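# Observations on chain architecture
Below, each chain spelled out in residue letters.
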Amino acid sequence: MASTLDEYNRACKLGKKAVQKALSDGRYPYLHALDNMIDSRTSMTEITVGTKEIPLDLVAGTVTKGRQESFAKNFMPILGSETEFGTKWILLYNYQMERGISDAIKVIEFMGKFYVSEGNKRVSVLKYLEQPTILADVTRILPPVSDDPEVKIYYEFLEFYKSTQIYNIRFSEEGSYEKLAEAMGLTLGEQWDEDTVMDLKSAFLNFSKAYKAGGG
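Read on for a plain summary of the structure.

Taken as a whole and judged by the stated rule, the model has 19 aromatic pairs. An angle of 45° between the planes, with centres 6.1 Å apart, marks the rings of phenylalanine 157 and tyrosine 161 as tilted. Placement of the pair is phenylalanine 157 and tyrosine 161 together in helix α5 (residues 149-164), with a separation of four residues, close to one helical turn. Of the two residues, phenylalanine 157 and tyrosine 161, both sit in the buried class. Through pairs of rings, three or more aromatic residues link up here, namely Phe114, Tyr154, Tyr155, Phe157, Phe160, Tyr161, Tyr167, Phe171, Tyr177 and Trp192. Between the NZ or CZ atom of arginine 140 and the centre of the ring of tyrosine 161, over which it lies, the distance is 4.9 Å. A cation sits over an aromatic face here: arginine 170 above phenylalanine 157, 4.5 Å from the ring centre.

Structure below.
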């Protein structure tokens, strides 16, 4: 049975492999920091979404640049096990295996992705363990309304989210959320009943499994 140190070293190997792959592809190898991506959060509208289970595959980076070079782009650690960071990661891994991480992290949601303000190592450990979701206190930052197709699709997603509280059904073409609602005989922006939402989640999960089994 692998020791916790072995698990950390495996996580580091995954992180360093991701760094090398990004560098060879000419891409930034570490976590993206939200503060480097937008000019000023103070000029944007912030909405408190509340405590939610969010998909870990939509956790894309950190809020500030202070911790971004402690992790590869895939949130795997890259610092040595003898460092304070490594020690804390190992302790957190042990806690997850013995009791389970239950404290919510804090994130900012921007354009449908999440950036961590508190809890980067918790994200790292749970991503390493391939957990699908994590509990998070979510604050949403709204981008300025514009004719940018990505922004327009995002605002369509917000109407879908009002109806379903589902994060991980994402479309890349304008009007797709409206088409989905019409196919279900429903309207965006109004709360859909719990059974309908559960059926939609189940259908999407089955589709995702078949899609990935077919090569993605």
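Our next topic: the layout of surface pockets. Reported here for the largest pocket is a volume of approximately 860 Å³. The wall of the largest pocket is formed by 30 residues, among which Pro55, Leu56, Asp57, Pro132 and Asn168 lie closest to the centre. Put simply, the parts of the chain that give the lining of the largest pocket at least two residues each are β2 (45-55) and α7 (194-213). Here the element with the most residues in the lining of the largest pocket is α7; it accounts for eight residues. Classifying every residue of the lining of the largest pocket by side-chain character gives 15 nonpolar, six polar and nine charged. Approximately 310 Å³ is the volume found for the second largest pocket. In terms of lining, the second largest pocket is formed by Met37, Leu58, Phe110, Met111, Lys113, Tyr115, Glu150, Ile153, Tyr154, Arg170, Phe171 and Tyr177. Elements represented by at least two residues in the lining of the second largest pocket include exactly β5 (113-118) and α5.

Moving on, we get to the pattern of salt bridges. For the structure shown, the criterion picks out seven salt bridges. Linking aspartate 25 and lysine 21 is a salt bridge whose minimum nitrogen-to-oxygen distance equals 2.5 Å. Lysine 152 is the partner of glutamate 174 in a salt bridge, and the nearest nitrogen-oxygen pair spans 3.5 Å. Placement of glutamate 174 in the loop between α5 and α6 (176-183) and of lysine 152 in helix α5 is noted, with a sequence separation of 22 residues between them. Residue classification places lysine 152 among the partly exposed residues on the basis of a relative accessible area of 33%. Bridged by salt links that share partners, the residues Lys21, Asp25 and Arg27 form one connected network.

Bringing the pairing of strand β4 (residues 105-110) into the picture now. Judged by how many residues are buried, β4 sits mostly within the fold: five of six residues are covered. Taken together, the six bridges between β4 and strand β6 (residues 133-142) define a ladder with parallel strand orientation. Residue pairing for β6: glutamate 109 is matched across the bridge by arginine 140. Pairing analysis gives five bridges linking β4 to β5, with the strands arranged antiparallel. Bridged to glutamate 109 within β5 is phenylalanine 114. Where β4 hands over to β5, the hairpin turn is made up of two residues, of which methionine 111 adopts a positive phi near 55°.

Before going further, it helps to spend a moment on the packing of helix α1 (residues 4-24) against helix α3 (residues 84-98). Helix-helix packing: each pair is described by the crossing angle between the helix axes and the interaxial distance. Between α1 and α3, the least distance of the axes is 10 Å, while the angle of their chain directions is 115°. Of the two possible hands of crossing, α1 and α3 adopt the one that is right-handed. On α3, the residues touching Thr4, Leu5, Glu7, Tyr8 and Ala11 of α1 are Phe85, Gly86, Trp89, Ile90, Tyr93 and Asn94. Looking at the contact of α1 with α3, its residues break down into seven nonpolar, three polar and one charged.

Parameters at a glance
Along each chain, the written sequence defines residue order, and numbers are assigned to residues from 1. In keeping with the predicted nature of the model, local features appear solely for residues at pLDDT of at least 70, side-chain atom pairs appear and are counted solely at 80 or more, and the whole-chain, interface and lining totals rest on all residues. Where side-chain values are given, they derive from all heavy atoms of the structure, hydrogens and water being excluded. The criterion for an aromatic pair is that two Phe, Tyr or Trp rings (for Trp, the six-membered ring) have centres within 6.5 Å, with stacked assigned to planes under 30 degrees apart, edge-to-face to planes over 60 apart and tilted to the rest. The way it works is that DSSP assigns letters per residue, a run of H or I at least four long becomes a helix, a run of E at least two long becomes a strand, and they are numbered from the N terminus. In this scheme, a residue with accessible area under 20% of its type's maximum is buried, one over 50% is exposed, and one in between is partly exposed, where area comes from a 1.4 Å probe on protein chains only. Think of it as a cone above the ring: NZ of Lys or CZ of Arg counts as a charge over the ring if it is within 6 Å of the ring centre and within 35 degrees of the ring normal. Here a cavity denotes grid points, spaced 1 Å and computed from the protein atoms alone, that fit a 1.4 Å probe unable to get out, and a pocket denotes an open set having protein on both sides within 12 Å along at least 5 of 7 lines; residues with an atom within 4 Å of a point are the lining. Grid points are joined across faces, edges and corners, and a volume is the space filled by probe spheres set on the points. Amino acids outside the nonpolar list (Ala, Val, Leu, Ile, Met, Phe, Trp, Tyr, Cys, Pro) and the charged list (Asp, Glu, Lys, Arg) are all regarded as polar, and Gly is one of them. Each salt bridge in this description consists of a side-chain nitrogen of Lys or Arg and a carboxyl oxygen of Asp or Glu lying within 4 Å of one another. Two strands pair under a simple rule: DSSP has to find at least two bridges between them. Note on method: axes are straight lines fitted to C-alpha atoms, helices fitted across the in-contact stretch only, with angles between N-to-C directions ranging 0 to 180 degrees. By convention the crossing between two helices is left-handed if the near helix lies anticlockwise of the far one by an angle smaller than a right angle, and right-handed if it lies clockwise. The criterion used for residue contact is that any of the two residues' heavy atoms lie within 4.5 Å.

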